[in-house]
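Summary of the model geometry
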Amino acid sequence: MDLENSKGGGDIADELRKDNQSLRQRIEQLEAELEAKNIEIKQGKSSDVVQNLQKENQELQSTAKLAQSELDIALGAHESQKQVLLTLNQQLATRIQELATIHDEITTALQT
């Protein structure tokens, strides 16, 4: 049963890695957009444009914070899944060692 659960863990870890990469790319994109908007604000074409850009800037900052939060959550989930897989791996190693011991005992019993 534990072995079956661990097989799905690799898929989950891969999905989390993809989500992490996607969120990182989105953050980079939002930061680039933010930087472009900041440059436009500095040029100050008109007060309406500046106000609109400041509003967009705030929205982009909020979106970037949300994306960062989602990334942090995904990283936490990834770490949690990693710990589960490490535990399952240790349990499997223990069971394999127990089977090896039983095998040795049976081999010894058959030889005597």
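Residues numbered from 1 in each chain as written. Predicted model: local features only at pLDDT ≥ 70, side-chain atom pairs only at ≥ 80, totals over all residues. Heavy atoms only, no water.

**Structural notes on the pattern of salt bridges**
By the definition in use, this model includes two salt bridges. Between glutamate 56 and lysine 37 there is a salt bridge, with the nearest N and O atoms lying 3.1 Å from each other. Residue glutamate 56 is located in helix α2 (residues 47–111), and its partner lysine 37 is located in helix α1 (residues 2–43); the two are separated by 19 residues in the primary sequence. (Salt bridge = Lys/Arg side-chain N within 4 Å of Asp/Glu carboxyl O. Helix = DSSP H or I, 4+ residues; strand = E, 2+ residues; numbered from the N terminus.)

**Quick notes on a nonpolar patch on the surface**
A cluster of nonpolar side chains, contributed by Leu99, Ile102, Ile106 and Leu110, occupies part of the molecular surface with about 430 Å² of accessible area. Summarising the element assignment, isoleucine 102 is placed in helix α2. Among the residues examined, isoleucine 102 registers a relative accessible area of 43% and is labelled partly exposed. (Patch = residues over 30% accessible without salt bridge, like charges linked within 9 Å, V, L, I, M, F, W, Y side chains within 5 Å. Areas by Shrake-Rupley, 256 points an atom, 1.4 Å probe, with all protein chains shown as cover. Buried < 20%, exposed > 50% of the residue type's maximum accessible area, 1.4 Å probe, protein only.)

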